[in-house]
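Fold and geometry: a report
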Amino acid sequence: MQQKLSLKTASNSPSTYTGGITIKSNEELDAVRRAGKVVAAVHEALKQALRPGLTTKDLDIIAEREIRKQGAIPTFKGYFGFPASICASLNEEIVHGIPCNRVIRAGDIIKLDVGATLDGYIGDAAVSLPVGDISRHAMDLIEATKISLDEGIKAAIPGNRTGDIGAAVEAYAISRGYSVVREYVGHGVGRFLHEDPQIPNYGPSGMGDLLRPGMVIAIEPMLNIGEATTRVLDDQWTVVTADSSLSSHFEHTVIITESGPEITTGVM
Ligand code: MG
């Protein structure tokens with residue numbers, strides 16, 4: 001799940017402020033890893049279940065059952081009043097879609113965002129999946145978004161800054177001709193869903209908070225075929241592209257380690 005961009009990060013100034021950033025202990029990192037495994041298992045269950053004719057609510061029920069089966073709690077449920085366990089966003093919906101009676105159809109792309117809290121620590125991850133056969137341009141968008149996340153993760157190393165992650169995501173997205181959503185960003189994660197630092201999906205490189213071992217961050221690029229501009233629907237949650245163009249989103253929870261980025265939410 002995204003954090004709405006706040007002014008603090010929008011300034012793009014080099015920051016020495018680390019008061020809000022937590023460095024996790026080894027025990028805490030193990031808890032983050034366990035929560036990440038739950039999230040990966042839920043995504044696997046959703047991928048297996050996904051087919052045309054289901055509603056987004058059906059997927060929410062499957063996800064909540066799987067989360068609780070693993071002894072975890074659906075992190076998003078009740079978060080600022082969010083009414084469901086997962087976010088399910090179709091086509092021009094970017095993020096934060098509320099599961100409902102809307103029927104999923106062949107040709108749709110669906111974005112599923114899952115958060116699970118286990119032993120007080122949180123894992124957060126999202127994927128974009130094709131439903132049945134989808135258009136070539138939709139498939140290309142999904143592929144490019146996934147690779148842009150990989151590029152961002154590669155930059156999540158000690159000594160780099162948050163802007164290096166964003167610059168890597170943005171450079172790849174632009175190289176493929178897509179726009180990058182700027183109003184919602186990745187975030188630190190741990191005991192809380194949205195901790196510092198914010199992780200924008202754009203540069204400049206060399207700016208933003210310093211990445212240090214023991215930090216846990218959710219990196220989550222959102223790429224659009226059309227313009228980057230977003231709009232929130234009347235339900236106060238669902239974020240859509242202002243021009244109704246297709247959007248794709250991927251997210252992993254990543255630990256910054258001395259030996260490089262460690263993905264905790266599995267291969268999806
Ligand atoms: Mg998130």
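The written sequence of each chain sets the order in which its residues are numbered from 1. Where local features are concerned, this predicted model is filtered to residues with pLDDT of at least 70; where side-chain atom pairs are given and counted, the filter is 80 or more; whole-chain, interface and lining totals use all residues. To obtain the side-chain values, all non-hydrogen atoms of the structure were used and water was disregarded.

This brings us to the packing of aromatic side chains. Between two aromatic rings, the relevant description is the distance of the centres plus the angle of the planes. Two rings from Phe, Tyr or Trp (for Trp, the six-membered ring) form a pair when their centres are within 6.5 Å of each other. A pair whose planes differ by under 30 degrees is stacked, one over 60 is edge-to-face, and the rest are tilted. Following the criterion strictly, the structure yields two aromatic pairs and no others. On the numbers, 4.9 Å between centres and 85° between planes, the contact of Y79 with F80 is edge-to-face. Consider the rings of F82 and W237, whose centres lie 4.9 Å apart with planes at 80°: the pair is edge-to-face. Here F82, found in the loop between β2 (73–74) and β3 (86–90), pairs with W237, found in the loop between β12 (230–232) and β13 (239–241); they are 155 residues apart in sequence, far enough to count as distant. Note that R182 overlies the ring of Y202, its terminal NZ or CZ placed 3.8 Å from the centroid. Each helix is a run of H or I in the DSSP string that is no shorter than four residues. Each strand is a run of E no shorter than two, and both are numbered from the N terminus. Only lysine NZ and arginine CZ atoms are considered, and such an atom sits over a ring when it is within 6 Å of the ring centre and within 35 degrees of the ring normal.

Per-residue accessibility, obtained with a 1.4 Å probe over protein chains only, is compared with the maximum for each type, and a residue is labelled buried under 20%, exposed over 50%, and partly exposed between these values. For strand β15 (residues 252–257), the tally of buried residues reaches six of six residues, placing the bulk of the element in the interior. Of the two faces of β15, the one carrying H252, V254 and I256 and the one carrying T253, I255 and T257 are both buried. Pairing geometry for strand β10 (residues 216–219) and β15, over four bridges, is antiparallel. Each bridged residue has a counterpart across the sheet, and for V216 the counterpart in β15 is I255. When DSSP finds two or more bridges between a pair of strands, those strands are recorded as paired. Sheet topology note: the β15/strand β16 (residues 260–263) ladder contains four bridges and is antiparallel. Directly across from I255, in β16, lies its bridge partner E262. Taking the residues that link successive antiparallel strands as the turn, the β15-β16 hairpin has two residues.

Here we take up the pairing of strand β6 (residues 121–130). Along a regular strand, successive side chains alternate from one face of the sheet to the other. Of all the ten residues making up β6, nine are buried; the element is thus mostly covered by neighbouring parts of the structure. Pairing of strand β5 (residues 109–118) with β6, which is carried by ten bridges, proceeds in the antiparallel orientation. Residue pairing for β6: V114 is matched across the bridge by A125. The turn joining β5 and β6, which pair antiparallel and follow one another in sequence, is formed by two residues; a positive phi near 50° is taken by D119.

Take the packing of helix α2 (residues 26–49) against helix α3 (residues 56–69) next. Helix axes are fitted only over the stretch in contact, all axes being lines through C-alpha atoms; the angle between N-to-C directions runs from 0 to 180 degrees. Direction vectors running N to C along α2 and α3 enclose 145°, while the axes themselves pass 9 Å from each other. Read as a crossing pair, α2 and α3 show a hand that is right-handed. Here V38, A41, V42, A45, L46 and A49 of α2 come into contact with α3, specifically with L59, I62, A63, E66 and I67. Residues are grouped as follows: Ala, Val, Leu, Ile, Met, Phe, Trp, Tyr, Cys and Pro are nonpolar; Asp, Glu, Lys and Arg are charged; every other residue, Gly included, is polar. Residues that form the contact of α2 with α3 fall into these classes: ten nonpolar, no polar and one charged. Should the near helix be turned counterclockwise from the far one by less than a right angle, the crossing is left-handed, whereas a clockwise turn marks it as right-handed. Note on contacts: a residue pair qualifies if any of its non-hydrogen atoms lie within 4.5 Å across the two residues.

Our next topic: the pattern of salt bridges. Side chains that carry opposite charge are capable of pairing whenever their charged atoms lie near each other. Whenever Lys or Arg places a side-chain nitrogen within 4 Å of a carboxyl oxygen from Asp or Glu, that contact is recorded as a salt bridge. Summed over the entire model, instances satisfying the criterion amount to 13 salt bridges. Two residues, R33 and D30, come together in a salt bridge whose shortest N-O distance is 2.8 Å. With R33 and D30 both in helix α2, this residue pair falls three residues apart, about one helical turn. In this structure, the salt-bridge partner of E170 is R182, at a minimum N-O distance of 3.6 Å. Separated by twelve residues along the polypeptide, E170 in helix α5 (residues 162–175) and R182 in the loop between β7 (179–180) and β8 (184–188) bring together distant segments of the chain.

As far as function goes, none of this settles anything; it's purely spatial.
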